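# Analysis of the macromolecular model
For reference, the chains in residue letters:
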Amino acid sequence: MDWARTKTIFIVVFLLLNTFLLSSYLEQQTNYQESSASQTGGEESEQRLYGYAEEDLPDRIEQLHLEASYVDFESGGRSQKVENNSNINDITYISNERLIGMSATLEEPVEISEDNRNEDLASFLNNYVWNAEDYEQGQMDEELNRQYYYQTFDDKQIYKPETSAQLELVFNDQNEIVGFRQSYFELDATPADSTIPAEDAIEALGNPSNGILQTNDTVTDVSVGYFNQVTPQGENVYLYTPMYIVEVNGESRYLVNARTQRVQSWEQVMEDNSEEDIMVEPEVPENGSDPEENGSAENGEEAPANEPANE
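The sections below set out a description of the structure shown in this document.

On to unusual backbone geometry, then. With a phi angle near 55°, Asp 154 is a residue other than glycine that sits in the positive phi range. Relative to the assigned elements, Asp 154 resides in the loop between β5 (146-153) and β6 (156-158). Phi angles above zero are rare outside glycine, and Asn 249 is one such case at about 60°. With respect to the secondary-structure elements, Asn 249 resides in the loop between β11 (237-248) and β12 (252-257). According to the relative accessible area criterion, Asn 249 is partly exposed, its value standing at 36%.

Here it is, written out as structure tokens:
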């Protein structure tokens, strides 16, 4: 037997085997390190975002602010849907320094069933409300029998105090709609080049200087909306600022300015805007009234139903 040749063959085989084993070991080590790094990164991200999933964060806001002005419902065919509706009993137009809008009462109440509430409400909006698709359903005030809606821009809500909602359906005690009131913004958006991403809004709440998020707190929701943060710029013109809305522990809500990172509580902002309530809420006549002719409003006051409005 040629032992020298056999020895050479064994050496080559062992070298190949060792090379294979080393390659497998290095591959396992690489996979482990990548998995460990990914897990560590995920844990760091979860800690940085206080338990909120990074993939659920809203996209960065693309608008610096919205310039909003009320439209006139007496022009442009905006009231045509209600004027041509045979179930409209009375229309009142409102025009003052803080609001331009319209309210209407129904000849016959429209029933909204509990089993198909959302479908019935959507049907009502489609039949009675101009540009109904631009409103998002808000809360129902059980005490006042009011269903509130808010206008949206780019699928983001334009927030106002609930009693200043831009669309309000008025119910009677039999869960029937007896009237509604509506205002509508014409919006002009200013593009942004320096807004913060949503994760920075969470980090702003966790900043020790704000002292809001603590170690055991959990961020339960993050969304985007527009809030009125400045005084009117002219006749019926408002500036709405984009804000990240961060919910903590399923209870408290905080607003973070998308440009300045200023932090405010939800209650603080709503209180600051509550002065709009005085002007924004036109009175809707109760169902069953029998006005002789449509009224119109000037200077924030509705004309009596049995007298012509002041021109």
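Glancing now at the side chain of Thr 92. Examined against the element boundaries, Thr 92 turns out to sit in strand β2 (residues 88-95). A distance of 3.4 Å separates a polar atom in the side chain of Thr 92 from a polar atom in the side chain of Asp 90.

The subject of this paragraph is the pairing of strand β4 (residues 135-141). Sheet topology places β4 next to β5; five bridges connect them, and they run antiparallel. Considered in β5, the bridge of Tyr 135 is made with Gln 151. If you look at the hairpin formed by β4 and β5, you'll find four residues sitting between the two strands, and Asn 145 has a positive phi there, around 55°.

Here helix α3 (residues 117-128) contains twelve residues, and its C-alpha end-to-end distance of 16 Å stays within 8% of the 16 Å for a straight helix at 1.5 Å per residue. Among the residues making up α3, those that are buried are Arg 117, Leu 121, Phe 124, Leu 125 and Tyr 128. Axial view of α3: buried residues confined to an arc of 100°, hence all on one face. Across from the buried face of α3, at angles greater than 90 degrees, the exposed residues are Glu 119 and Asn 126.

Tallied over the entire structure, the rule returns 14 aromatic pairs. Judged by centre distance (5.3 Å) and plane angle (90°), the ring pair of Tyr 159 and Trp 266 falls under edge-to-face. Taken together, the residues Tyr 159 in the loop between β6 and β7 (167-171) and Trp 266 in helix α5 (residues 266-272) connect sequence positions 107 residues apart. Across the pair, Trp 266 and Tyr 159 agree in class, each one buried. Each member of the aromatic cluster is reached from another via a ring pair, and the members are Tyr 70, Phe 185, Tyr 238 and Tyr 240. Over the aromatic face of Trp 266 sits the side chain of Arg 253, whose NZ or CZ is 3.7 Å from the ring centroid.

All right, on to the pattern of salt bridges then. This model, assessed by the stated rule, comprises four salt bridges. Residues Glu 203 and Arg 48 are paired through a salt bridge, measuring 3.2 Å at the closest nitrogen-oxygen approach. With Glu 203 in helix α4 (residues 198-206) and Arg 48 in helix α1 (residues 3-48), this pair connects stretches of sequence that are 155 residues apart. A relative accessible area of 31% places Arg 48 in the partly exposed class. Between Lys 156 and Asp 154 there is a salt bridge, with the nearest N and O atoms lying 3.4 Å from each other. Note on Asp 154: relative accessible area 45%, which makes it partly exposed.

As a further point, take the nonpolar core. Of all hydrophobic cores here, the largest spans 34 residues; its most connected members are Ile 202, Leu 205, Val 219, Val 222, Tyr 240, Tyr 244 and Val 256. The next biggest cluster of nonpolar side chains, apart from the first, holds 24 residues, and it includes Val 82, Met 102, Leu 106 and Ile 177.

Bringing a nonpolar patch on the surface into the picture now. Residues Phe 14, Leu 17, Phe 20 and Leu 21 make up a contiguous nonpolar surface patch of about 420 Å² in total accessible area. Position of Phe 14 relative to the elements: it lies in helix α1.

The subject of this paragraph is α4. For α4, every residue scored as buried is listed here: Ala 198, Ala 201, Ile 202, Ala 204 and Leu 205. The buried residues of α4 all sit within an arc of 155° when viewed along its axis, so they share a single face.

Residue position: Asn 145 is located in the loop between β4 and β5. The class for Asn 145 is buried, based on a relative accessible area of 16%. A distance of 3.0 Å separates the side chain of Asn 145 from the side chain of Asp 173, its partner in a polar contact. Ignoring sequence-local partners within four residues, the contact set of Asn 145 consists of Met 140, Leu 169, Val 170, Phe 171, Asn 172 and Asp 173.

Here we take up the pairing of β2. Within β2, seven of the eight residues are buried, leaving the element largely enclosed by the surrounding structure. Inspection of the sheet shows β2 paired to strand β3 (residues 100-111) by seven bridges, in the antiparallel sense. By the bridge assignment, Ile 88 is partnered in β3 with Leu 106. Hairpin remark: β2 followed by β3, antiparallel, with four residues in the connecting loop.

Cut-offs and rules
Residues numbered from 1 in each chain as written. Predicted model: local features only at pLDDT ≥ 70, side-chain atom pairs only at ≥ 80, totals over all residues. Heavy atoms only, no water. Helix = DSSP H or I, 4+ residues; strand = E, 2+ residues; numbered from the N terminus. Buried < 20%, exposed > 50% of the residue type's maximum accessible area, 1.4 Å probe, protein only. Polar contact = N/O pair within 3.5 Å; in protein donor to acceptor, adjacent residues only side chain to side chain. Pairing = 2+ DSSP bridges. Expected span 1.5 Å × (residues − 1). Arc of directions from axis to C-beta. Phe/Tyr/Trp six-rings, centres within 6.5 Å; stacked < 30°, edge-to-face > 60°. Lys NZ or Arg CZ within 6 Å of the ring centre and 35° of its normal. Salt bridge = Lys/Arg side-chain N within 4 Å of Asp/Glu carboxyl O. Core = buried A, V, L, I, M, F, W, Y, C linked by side-chain atoms within 4.5 Å. Patch = residues over 30% accessible without salt bridge, like charges linked within 9 Å, V, L, I, M, F, W, Y side chains within 5 Å. Areas by Shrake-Rupley, 256 points an atom, 1.4 Å probe, with all protein chains shown as cover. Contact = heavy atoms within 4.5 Å.

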